[in-house]
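An overview of the molecular structure
The residues making up each chain are set out below.
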Amino acid sequence: MKIVYSWLKDFVDINVPVQEVADALTKAGIEVASINSIHIPDGVKVAKVISKNPHPNADKLSLCEVDAGNGEILQIVCGAPNVTASMTVALATEGTVLGEDFTIKKAKIRGVESRGMLCSEKELGISDNNSGIISLPSDYRTGAPLSEYIVDDAVIEIEITPDRGDCLSVLGVAREVSASFGKPLKQTARIPEEKNGDSISSAISVNIETKERCPRYMGRLVRGVTIGPSPEWMQRRLSMAGLRPINNIVDITNYILIQYGQPMHAFDYNAVDGRKIIVKQSQSLGISQFTTLDGIERKLAGDDLLICDAKKPTALAGIMGGLGSQITDSTKDVFLECAFFEQTGVRKTSKRLGLSTDSSYRFERGVDPAQGLENAINTAAYLMQEIAGGTVSAGKIDTHSEPFPEKKMTLRPSRASRILGVEFDEERITALLTSIGIITTKEGDDKLQCSVPLFRHDISEEADLVEEVGRLFGYDKIPAVQYSQVKLTNPPSCTETNRDNARSALCYFGLNELITNSMVSEAKRKLITPSTEPVKILNPLNPDMTEMRTTLAITLLESVAYNLNRKNNNNRFFEIGKTFRPDSTTGLAQEKDILAIIIEGSCFPKSWGNVELQNDFFILKGIIETFADHCALDSFSYSKLEQHGPLYTPESASIRGSNGIMGTIGRVSEQICKTFGIKSSVFYAELDLTAWLSTPKPLPKYKNLPKFPALERDFSFVMPDTLDSDTVKKEIESLSGLVGNVRPFDVYRGEKLGAGSKSVTFSVEFRSPEKTLNDDDVQDVCNKIILVMKEKHSAELRK
Amino acid sequence: MSDGLQYNSLESLETLRKSALAEFEAIGTEADAENFRIKYLGKKGILSELKKSLGTMAPDQRAVFGAAVNSLSKDVEGKFKETPWQNKNAGSAADSGFDPTLPGFPFSSGSLHPLMKIRNEIRDIFITMGFSIAYGPEVESDYYNFQALNMPPFHPARDMQDTFYISDKTVLRTHTSPVQIRVMEKQKPPIRAIMPGRVYRNEEISARSYCLFHQIEGLYVDENVSFSDLKGTLLAFSRSFFDEKTHIKIRPSYFPFTEPSVEVDVECFLCKGKGCGICKYSGWLEILGAGMVHPNVFKYCGIDPEKYTGFAFGMGIERIALLKYGIDDIRLFYENDARFLKQF
């Protein structure tokens, strides 16, 4: 919201630099986004256009003769569409500096001399309006410096938190300024002169069908207005506040909106059928559509509140008027509506229709139902009388003429002291609260009864009063404790420790950690995990983010592609992130912590001392094995994936470990690589770490170091292609207590062996805790190994 | 050549093998290795000459002697390949030149994501202050994300956070504050916890905002926790994280779940409050939102607001990382350009 400094001064007598006001507002909790100082530069004069002719060489330019005062007539080229003869304008004469550093010079524009510039409001720094040059009142003295008429001012742009609806006006901001500077608030409201004999009550009736949705409705009738432009001072203030002047009646309602924060609606009285206003819900009217004055047909829900006349709805209550009921150039009599619409109702309708207006924005946050409403309608009627030449009918409509009950609550000074950490007594609290219009009376021991103004919708209980005390006292003055209560035991979080361990293991391995989006497109999810059901987003930001990821493969592949497109080759990435599946029992999602690793290109690029080592399945497997080792996990078991799905080629496996760890690993299929625009070989693995993360890392258990050396024997078996080396390893290990580590170290396939066979060489370690073994000690075991392999696994010792 | 001719019997080859192996064992420098290579394996070395001499032998002699020469040659070559100098010689431009300026083996170092680094730095400071860690779901109910945080349906404060909906009752959490509720429901005071995590906002993606980001929430509930404790804690955090002499500034603000609510500005770590590009010449950085836990929130969690008081705070990890590393575009964190990642 934009607050014009001179407007603010109508309410509070202050004369300090605008920055001081901004600082005070910040301290009060009103965020200042920017300050725009208004200063008409020296050299800008009031001038009059004598004649306007087309520019000989340009269609869109005009050639003007301008009277700059003191008998000086200048030829000026002007590009504004609204320039006309006899218009009073702002002329930037030669040598004037506009904005930061734009100096006006005598210039030739399309071959014609121009001696100055006619300025728009934007060029003068008054507002953002740049649609044409500024049209000044004709009584401004030609040749006078414009700064005599448009005096220095400033516009403070502020941001108001949703609880402080009472600050959405010059008055509201003035209240805070008044409290900060200790200056009283000045009365600005006016009362119109009423015409006897013409009573509003005989001219119109108002009936509220839903009192709880519209607790107060006030109306006034102003007859015989002349529609025309509003006075220059009002137009200037409105445009500085960011509103476009329209005509005197609409401008007055907007002026009241900005000044008091009270939205009003002006009806053409003669268009009100049956001289009746009825406030009711659309369901009781039996209509489902309504066209607002912006020409858009709106679908209504049953509980939308409408302002109707005897025949038809004329406005969406508190949000926007209807097409056809607005003020026109021929309007003579104006019915002014000034109401209090209940917050939630307005918000529901506005939200549902996606229609937020200056009016709905304020009603949603709450306006002042009491004195504020009266001041607004009286001042508006007064201005219509003064500015638009109207006559105000006697009396006013008021559906809530009895006074509103006071809003009272109790504040315990001890509570304020306890929450804020500073000792507050009754006197101190009373002084602070009085400055913002809260009246306190002593109610008993440690009890202050506080009467809160009705416009403070944010104050409804003691905690809110405590905040006011703290805010007005100044948070900067509350001391920061130096020593807090100490908690001596704080066991480390095993989730954090495990996660950090996993991450550092992978980082040491030369992998880069990624953080990727958890929202992905349906199309990509279907590519990779076609049969999983996703968690879908009802209102996605864009078509690429319609659901929560079920795998990290999508975003990791995208990251690889992103890097390859930038010539970053040989990528190896990991991410520990969440995947999501619908969870019907909680209504939320099953969220899993997934480790994903992707490698592409070479593991070691070619260098002078080594050949290139291409990434492959077993390099990725090696990374995972080392990760497991680093994290003290039992070794994982791998088995060929029965269904490798679209993500992988058949060169893929499932992974199983203890602590619920499971996942997959494999070469990414060509089709998927192609879809993601990747030309090189990619290997990907995904592990579910959810359960493991919250499992404390076991203490390492020390085993005695072997006292005697091991004996190693190699066995080459010719065996069926389908026999896993892991099966053989486990078999051999199980055959004798003397067998230690069994390690496959050579695999050979060749014509000599025939199709369906392979030769695998295992290095078997024999060790005894009691002595150094010799050949004889292991001969029996060796024979047993050969026999079992032959009989059980059809594996022959290679000759 | 004359050397070669000395070895004409199998016995003499055995002698040669012994002396070669002895010489091999004695290799101590790169120069020794090179001499060894030239003597035995060079083009005019002993073994080459021996092989050449085979042609002049009688065929019956040649078969036996040839096999022995080949076996010896293979052994010596094999041995030599084991020496650490072998590789270097092959790689250097000149046989005799050792060039220590050549790059080492191309291992590559990994990197941890800058957001995770900042997250953990912040976490560790609060751990030393006695805060434990709690987590909550990212797909969250409307109840935890809004209602229990004192934001009933149609509360205007919901406009402060553009929300992704999964259903009318389920959202992608817009802040980590719902974890406060989950913690307070489960645990009785005293509670001292931080809650890191990912949050989502339905906002257009730009250099300044992304559709998701990461927060760390903090909560401290006990019998006599005051605003003064909040200030002390956040001051201590700021001084640990930024600079020992950092100052903080507190402005009133609004969150429905705290009362009072404040924004905490931290003195710019770069210019020490003098004003610079990072702090937009204000001298202060907007880092934290905080406040005293609203009594209504305690009631939702079954905690007696008369007995217990508490404070809560929250900060955005991205925002702090952008400031701390001088990064000007938030999207860099999620685009994952390896050249970016490797800088951290």
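Because the structure is a prediction, the values reported are computed rather than measured. Each chain has its residues counted from 1, following the order in which its sequence is written. Whichever chain is written first becomes A and whichever ligand is written first becomes 1, with later ones labelled in order. Residue-level local features of this predicted model are given only where pLDDT is at least 70; pairs of side-chain atoms are given and counted only at 80 or more, and the full residue set underlies all totals for whole chains, interfaces and linings. Water and hydrogen atoms play no part in the side-chain values, which are based on all heavy atoms of the structure.

**Remarks on the interface of chain A and chain B**
The partner chain B presents 98 residues to the 86 residues of chain A that form the contact. Each partner contributes to the roughly 7,600 Å² buried at the junction of chain A and chain B, and carbon and sulfur atoms together form 54% of this total. By definition, the buried area sums, over both parts, the 1.4 Å-probe accessible area that each loses when the two are put together. Its largest share of buried area at the contact with chain B, chain A owes to Arg-418, Ile-515 and Trp-608 of chain A, together 11% of the area lost on that side. Salt bridge, as applied in this entry: a Lys or Arg side-chain nitrogen positioned within 4 Å of an Asp or Glu carboxyl oxygen. At the junction of chain A and chain B, the tally comes to nine salt bridges. Pairs of N or O atoms within 3.5 Å make up the polar contacts considered here, provided that, within protein, one atom can donate a hydrogen while the other can accept it, and that residues adjacent in sequence are counted only when both atoms are side-chain atoms. Between the two partners, chain A and chain B, sit 49 residue pairs in polar contact (both at pLDDT 80 or more). Whether two residues are in contact is decided by their heavy atoms: any pair within 4.5 Å suffices.

**Notes on the sheet that holds strand β17 (residues 276-281) of chain A**
All names here are of chain A. Strands are labelled as partners when DSSP assigns at least two bridges between them. Secondary structure elements follow DSSP: runs of H or I no shorter than four residues count as helices, runs of E no shorter than two count as strands, and numbering proceeds from the N terminus. The sheet built from five strands is open, its strands ordered β14-β17-β20-β21-β22 with mixed pairing. Across the chains shown, the open sheet's two edge strands, defined by having one partner strand only, are β14 (205-208) and β22 (320-321). Direction of pairing for β14 relative to β17: parallel, over a ladder of four bridges. Across the sheet, residue Asn-207 finds its bridge partner in β17, namely Ile-278.

**Section: the pattern of salt bridges**
Tallied over the entire structure, the rule returns 70 salt bridges over all chains. Between Glu-209 of chain A and Lys-280 of chain A there is a salt bridge, with its nearest N and O atoms 3.9 Å apart. You can see Glu-209 of chain A sitting in the loop between β14 and β15 (216-223) and its partner Lys-280 of chain A sitting in strand β17, a full 71 residues away along the chain. Working definition: with a 1.4 Å probe on protein chains only, accessible area under 20% of the residue-type maximum means buried, over 50% means exposed, and in between means partly exposed. Taking relative accessible area as the criterion, Lys-280 of chain A reaches 13% and is therefore assigned buried. Between Arg-123 of chain B and Asp-500 of chain A there is a salt bridge, and its shortest N-O distance comes to 2.7 Å. Residue Arg-123 of chain B is located in helix α7 (residues 114-128), and its partner Asp-500 of chain A is located in helix α14 (residues 494-508); the two belong to separate chains. Taking relative accessible area as the criterion, Arg-123 of chain B reaches 6% and is therefore assigned buried. Judged by its relative accessible area of 22%, Asp-500 of chain A falls in the partly exposed class. Where salt bridges share partners, they join Arg-164, Asp-166, Glu-176, Arg-456, Asp-458, Glu-468 and Arg-471 of chain A into one cluster.

**What about the nonpolar core?**
Judged by nonpolar contacts, the single largest core of 118 residues is most densely connected at Leu-557 and Tyr-684 of chain A together with Phe-313 of chain B. Of all the elements, helix α16 (residues 553-565) of chain A adds the most residues to this core, at seven residues. Discounting residues that sit within four places of it in the chain, Phe-313 of chain B has contacts with Phe-126, Phe-131, Ile-194, Ile-216, Glu-217, Gly-218, Leu-219, Leu-234, Leu-288, Gly-289 and Ala-290 of chain B. Counting 109 residues, the second largest nonpolar core, distinct from the first, contains Ile-227, Leu-305, Ile-327 and Ala-339 of chain A. Definition used in this section: a nonpolar core is a set of buried Ala, Val, Leu, Ile, Met, Phe, Trp, Tyr and Cys residues joined via side-chain atoms within 4.5 Å.

**With respect to the packing of aromatic side chains**
Residues and elements named next belong to chain A. Note on aromatic pairs: the rings of Phe, Tyr and Trp (six-membered ring only in Trp) are paired at centre separations within 6.5 Å, and the planes decide the class, stacked below 30 degrees, edge-to-face beyond 60, tilted for the rest. Using the criterion set out here, one finds 34 aromatic pairs over all chains in the structure. Relative to Tyr-255, the ring of Trp-7 lies with its centre 4.5 Å away and its plane at 20 degrees, an arrangement referred to as stacked. On the criterion of sequence distance, the pair formed by Trp-7 in helix α1 (residues 5-9) and Tyr-255 in helix α6 (residues 248-260) is long-range, its members being 248 residues apart. Taking relative accessible area as the criterion, Trp-7 reaches 0% and is therefore assigned buried. Taking the relative accessible area as the measure of exposure, Tyr-255 reaches 5% and is therefore buried.

**Considering the domain arrangement of chain A**
The figure often quoted for interface size is the accessible area lost as the parts come together. When cut into domains, chain A gives domain 1 (2-38 + 155-181), domain 2 (44-151), domain 3 (194-398), domain 4 (407-476), domain 5 (494-693) and domain 6 (711-797). A straight line from the C-alpha centre of domain 4 of chain A to that of domain 6 of chain A covers 85 Å. Boundaries between domains were set according to an automatic or database domain assignment.

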